[in-house]
Amino acid sequence: MSRGLIHRYGLAAGLVVIALLLNLIAYAVVWAPSRAAQNEAESQWRTAREEIGRYKAYRQAYQEVGEITARALPKTKLPDMVTTLASLAKKRGLAIPGVTYQSERIESSDFQKVGLAFSISGPYADVRRFLNDLERSSVFVAIESLSLTRAAKESAHIEVQLRVAAYLRNVS
Amino acid sequence: MADVMVREPEPFRTNFASGDYDRARVIAGGLYAAAFAGAVLAAAIVWWGTQERHEVAAMQENLIRVQQQSARLRSDLQSLGFSPDDQRAVDGLTKRVEGLNRIIEYKGFSWTMLLNDLESSVPRNVSLQNIQPDLKTGVVRLQGVALTLQDLTTLMTALEQSGRFTDVFLQQQRTADRDRVEFSIQTTYRRVER
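Conventions and cut-offs
Residues numbered from 1 in each chain as written. Chains lettered and ligands numbered in written order. Predicted model: local features only at pLDDT ≥ 70, side-chain atom pairs only at ≥ 80, totals over all residues. Heavy atoms only, no water. Helix = DSSP H or I, 4+ residues; strand = E, 2+ residues; numbered from the N terminus. Buried < 20%, exposed > 50% of the residue type's maximum accessible area, 1.4 Å probe, protein only. Contact = heavy atoms within 4.5 Å. Areas by Shrake-Rupley, 256 points an atom, 1.4 Å probe, with all protein chains shown as cover. Polar contact = N/O pair within 3.5 Å; in protein donor to acceptor, adjacent residues only side chain to side chain. Core = buried A, V, L, I, M, F, W, Y, C linked by side-chain atoms within 4.5 Å. Buried area = accessible area lost by both parts, 1.4 Å probe. Nonpolar A, V, L, I, M, F, W, Y, C, P; charged D, E, K, R; others polar. Salt bridge = Lys/Arg side-chain N within 4 Å of Asp/Glu carboxyl O.

Turning our eyes to something else, we now look at the overall build of chain B. Of regular secondary structure, chain B possesses four helices and four strands. Reading the helices (α) and strands (β) of chain B from amino to carboxyl end gives α-α-α-β-β-α-β-β. Across the 194 residues that make up chain B, the buried fraction comes to 31%. Once local pairs closer than 6 in sequence are excluded, the contacts in chain B between residues at least 24 apart make up 53%. Approximately 12,900 Å² of chain B is accessible, and the part contributed by carbon and sulfur atoms is 52%.

Before going further, it helps to spend a moment on the side chain of D110(A). Among the structural elements, D110(A) can be located in the loop between β1 (99-104) and β2 (111-123). With relative accessibility at 12%, the residue D110(A) sits in the buried group. Of note is the side chain of D110(A), whose polar atom sits 2.7 Å from the side chain of R96(B). Residues contacting D110(A), with those up to four places away along its chain left out, are V65(A), T69(A), L168(A), R169(A), N170(A) and R96(B).

What follows deals with the nonpolar core. Ranked by size, the top nonpolar core spans 49 residues in total, and within it L116(A), F118(A), I120(A), F130(A), L162(A), L114(B) and I131(B) carry the most contacts. Residue contacts for L162(A): discarding those within four places in its chain leaves L116(A), A117(A), F118(A), I120(A), F130(A), L131(A), I143(A), S145(A) and L146(A).

Each side of the interface is counted separately: chain A has 61 residues, and chain B has 65 residues. Between chain A and chain B the total buried area reaches about 5,700 Å² when both faces are included, carbon and sulfur atoms providing 65% of it. Counting the contacts that link chain A with chain B gives 21 residue pairs in polar contact (both at pLDDT 80 or more). Residue assignment for the side of chain A that touches chain B shows that the elements contributing at least two residues are α1 (2-70), α3 (124-137) and β3 (141-150) of chain A. Counting residues per element, the side of chain A that touches chain B draws most heavily on α1(A), at 39 residues. Residues belonging to the side of chain A that touches chain B are distributed by class as follows: 35 nonpolar, 12 polar and 14 charged.

What follows is about unusual backbone geometry. Residues and elements named next belong to chain B. A positive phi angle, near 70 degrees, is found at N125, a position not held by glycine. Residue position: N125 is located in the loop between α3 (111-121) and β1 (126-133). In this structure, D179 takes a positive phi of about 60 degrees despite not being glycine. With respect to the secondary-structure elements, D179 resides in the loop between β3 (165-175) and β4 (181-189).

Moving on, we come to the pattern of salt bridges. Counted under the stated rule, the structure contains 15 salt bridges over all chains. Salt-bridge contacts for E119(B) lead to R128(A); the nearest nitrogen and oxygen are separated by 2.6 Å. Here E119(B) is found in helix α3, whereas its partner R128(A) is found in helix α3 on a different chain. Note on E119(B): relative accessible area 37%, which makes it partly exposed. One salt bridge in this structure joins D117(B) and R164(B), with 3.1 Å as the shortest N-O distance. With D117(B) in helix α3 and R164(B) in the loop between α4 (149-162) and β3, this residue pair connects regions lying 47 residues apart in the sequence.

Right under this line is the structure:
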């Protein structure tokens, strides 16, 4: 019986087995290693691209932080800040009789915050122009609060108590 | 007389094959076909594999370029004094950026614009004495004096209707000298991006 089967199908079955073996060898020797190498290369490429994206973001952030921080006045030049305030006030015909300072801690290694409290008085329009000038003077100067009072009864002048935050660059 | 029909003699046909023999031919044919298909598939696998190898080679070249670019960037950063692979340096940079953003955020608030908007909303007989905004949230606290309660109501309505102030809320009110009304209002100021 089995001899009969071998006689009938032996050659064909042998060829099928050979074809199967060829497939297995082709898969194991050629295709699978290529596929694995491609997956590996793709993974490395993705990692490198992510790294490039990250490095570019770091470079941009590092440069921008450096450039913007450099525009701030250094801590040692606080008196210059007061001079600027005085000249802005003078430009609008106002005067700053005195300034009180208060150093404040902030979460920044680059800056030191100094609170400046002072008052000015004059016509409302001039005070408003002064505030506008002050706002535009520097990125590192911000008006935190203001209180208005009429300078005198029946007077057109107002007195403004201002609290300004100045961010000064720490000098290393 | 009987009719005699004369025909051509039929050819002799015979088949000694059994039914099994026919089936065996079909099976053998199928096996040959399967072997052929298998050989074709093996050839196709080899061809695909070779193609993939070409792709891998191209990708390797690309990978080398990308890795070189990455190394250049890393070297640039290191020459700037920043180590991109040092987590402490990255955290430090993140903190610096956050600190700077907080400062710049304050500049998003314009006192000049706030005063303009208040001027157009504050009616006669009302005088503002203190303006205190929270620069982060946009909540503004206004303190002042109104001649009458009606004037105070007019102020609150005008603020709401201006479209620049929302959630106008009277926090405190008391009668002061000469029946004037001292008040404290809290409202949210809608900033306009500058």
